[in-house]
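Coordinates in review
Residue-level listing of the chains:
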Amino acid sequence: MGGAVGERDVFICRAGADKERHVRPFAALLTSAGITYWLDEAEIAWGDRITEKINDGLGRCRYVLVFLTEAFLKRL
């Protein structure tokens, strides 16, 4: 997930239930197309302040991609 230092093309927002079926395959496609992305499981470590990391990630990405699935909408 390269790109400029700390910069990403896409911030991926998703429900945990969608990770295996939708998000990881899509992330693999982004990688193969040379598109960088911010994904929580790769960017947030144990002990990090989650809200701060997410806000930082949002500020470093050009676009936000939301997986609007049934699982995501149930979280709202």
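Anyway, here's the lowdown on the structure attached to this text. What you are looking at is a predicted structure, and each value in this text was computed from that prediction instead of being measured.

**Digging into the sheet that holds strand β1 (residues 8-13)**
Spatially, three strands are ordered β2-β1-β3 in an open sheet, and the strand pairing comes out parallel. The open sheet terminates on both sides in strands that have one partner only, identified here as β2 (37-38) and β3 (61-66). Helix-sheet contacts for helix α3 (residues 50-60) involve β1, β2 and β3, and the interaxial angle to β3 is about 115°.

**Some remarks on the pairing of β1**
Summarising burial for β1: five of the six residues are buried, a large majority. With five bridges joining them, β1 and β3 adopt parallel strand pairing. Bridge pairing in β3 links C13 to V66. Pairing between β1 and β2: two bridges, direction parallel. Bridged to F11 within β2 is W38. Assessed by its sense of winding, the connection that carries the chain from β1 through helix α1 (residues 19-32) to β2 is right-handed.

Conventions adopted
- Residues numbered from 1 in each chain as written.
- Predicted model: local features only at pLDDT ≥ 70, side-chain atom pairs only at ≥ 80, totals over all residues.
- Heavy atoms only, no water.
- Pairing = 2+ DSSP bridges.
- Helix = DSSP H or I, 4+ residues; strand = E, 2+ residues; numbered from the N terminus.
- Contact = heavy atoms within 4.5 Å.
- Axes fitted to C-alpha atoms, helices over the stretch in contact; angles between N-to-C directions.
- Buried < 20%, exposed > 50% of the residue type's maximum accessible area, 1.4 Å probe, protein only.
- Right-handed = clockwise from strand over helix to strand, strands pointing away.

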